[in-house]
Amino acid sequence: MLTYRIHGQMVPVPEQAPPPQEGPEYEARLAEFEARIARGEKIEPTDWMPEEYRRQLIRMISQHAHSEVVGMLPEGRWIPHAPTLRRKLILIAKVQDEGGHGQLLYRAAETLGVTREEMIEALLAGKAKYSVVFNYPTPTWADVAAIGLLIDGAAVVNQLMLAQGSYGPYARAMKRICYEESFHIKQGYDAFVALATGTPAQRQMIQEAVNRWWYPALMLFGPSDRDSVHTPTLLRWRIKTKTNDELRQEFVDQYAPMVLRMGLTLPDPNLRYDPETGHWRFSEPDWEEFWQVIKGNGPCNAERMAARRRAHEEGRWVREALAAKAARQANGGGDGRYAMASL
């Protein structure tokens, strides 16, 4: 049975058939549910919730978890090639953090009644999605810096909003993740500035990386509001508190001037500050490209999924060893300290 810690106590996650989703009783429960959300209360795993709320959360949190795990790959390939030992150690710590974020999010999703195995199977079978940004290549060290500033910056803009959401386990996980992501942005900024203020070759390298990652950073927030089928439901129940386009604008307002102050350019001829609105005007991403990557036709989709499937298969012996240890403990066979030796 799945359990979850709420207010310092371990409670079981309900395992029951979905209640009826229509009729007077349902409408009364729905009204109270929405009143709680309107009051700013958090919904916990043991609370009643509409099945559509549960389904949207499982979809969203599992995709977020997949993104953290797959997101280790573009930067992780640069660990052996980092320019200094200090940069290597920082990058190792960052990639390890991303893996930990994935585990936190899988655990949050499990509180909704889905198992980790089901979520991972969906990812490996190509049935689940993850963020499109991680299907782009990282040909130079400057891409690590650009990801650290632009992609992690976009992620924090999104995650700070999610930390205000209505589902308790997800919101609390977001708060912890945002603390660590703030350090990721700092290391990205440090590496970014080092290249932007370096030799002409280094400046050229970071400029090319910015050109590669600016539009993927805008894609991180998801499709345009006019094409987002989930946004109305997510806003209604405060799973999200801002739309994709609102978050995209917030990101551009923060990061466009930051990059420009370093003497670099952004690959958008329409980018300009509008003093009347106090916002930066910018071009939308290529939405056809966005949807093609979503469908699995991006530059690195096949490579990323092949790496995840290979890692899953190579880690099978670890999962089997842990299962054997747990079975031995359950059967009164001691602490399983030597279980691996007996496999």
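From a predicted model like this one, the values you see are computed outputs, not experimental measurements. (Residues numbered from 1 in each chain as written. Predicted model: local features only at pLDDT ≥ 70, side-chain atom pairs only at ≥ 80, totals over all residues. Heavy atoms only, no water.)

A. Focus on unusual backbone geometry. Positive phi is not limited to glycine here, since Arg238 has a value of about 55°. Looking at the secondary structure, you find Arg238 in the loop between helix H9 (231-236) and helix H10 (244-261). (Helix = DSSP H or I, 4+ residues; strand = E, 2+ residues; numbered from the N terminus.)

B. Representation of the environment of Pro299 in the model. Positionally, Pro299 belongs in the loop between helix H11 (287-294) and helix H12 (301-314). Along the chain, Pro299 and Ser166 lie 133 residues apart, while their C-alpha atoms are 36 Å from each other. Beyond its immediate sequence surroundings of up to four residues, Pro299 is in contact with Asn135, Tyr136 and Pro137. (Contact = heavy atoms within 4.5 Å.)

C. Quick peek at the packing of H12 against helix H13 (residues 316-330). It is the contact of H12 with H13, at a shortest axis distance of 4 Å, that shows an interaxial angle of 40°. With respect to H13, the axis of H12 lies oblique. Contacts from His312, Glu313 and Glu314 in H12 reach Arg316, Trp317 and Arg319 in H13. Partitioned by chemical class, the residues of the contact of H12 with H13 number 1 nonpolar, 1 polar and 4 charged. (Axes fitted to C-alpha atoms, helices over the stretch in contact; angles between N-to-C directions. Parallel < 35°, antiparallel > 145°, perpendicular 65-115°, else oblique. Nonpolar A, V, L, I, M, F, W, Y, C, P; charged D, E, K, R; others polar.)

D. Focus on the pattern of salt bridges. Applying the stated criterion across every chain yields a total of 22 salt bridges. Between Glu75 and Lys94 there is a salt bridge; the shortest N-O distance is 2.6 Å. One end of the pair, Glu75, is in helix H3 (residues 72-76); the other, Lys94, is in helix H4 (residues 85-110), and 19 residues separate them in sequence. A residue is classified by how much of its surface remains accessible, and Glu75, at 4% relative accessible area, is buried. Residue class for Lys94 comes out buried when judged on its relative accessible area of 1%. Residue Arg226 is joined to Glu284 by a salt bridge in which the shortest nitrogen-to-oxygen separation is 2.8 Å. Pair noted here: Arg226 is in the loop between helix H8 (200-219) and H9 and Glu284 is in the loop between strand S4 (279-281) and H11, with a separation of 58 residues, a long-range link. Here the salt bridges share partners, and the residues they tie into one network are Glu32, Arg36, Arg39, Glu41 and Asp47. (Salt bridge = Lys/Arg side-chain N within 4 Å of Asp/Glu carboxyl O. Buried < 20%, exposed > 50% of the residue type's maximum accessible area, 1.4 Å probe, protein only.)

E. The side chain of Asn135, seen in detail. With respect to the secondary-structure elements, Asn135 resides in the loop between helix H5 (116-124) and helix H6 (141-162). Here Asn135 falls in the buried class, since its relative accessible area comes to 2%. Of the polar contacts made by the side chain of Asn135, one reaches the side chain of Tyr130; its length is 2.6 Å. (Polar contact = N/O pair within 3.5 Å; in protein donor to acceptor, adjacent residues only side chain to side chain.)

F. Up close: the environment of Leu149. Among the structural elements, Leu149 can be located in helix H6. For the pair Leu149 and Met72, spaced 77 residues apart in sequence, the C-alpha separation works out to 15 Å.

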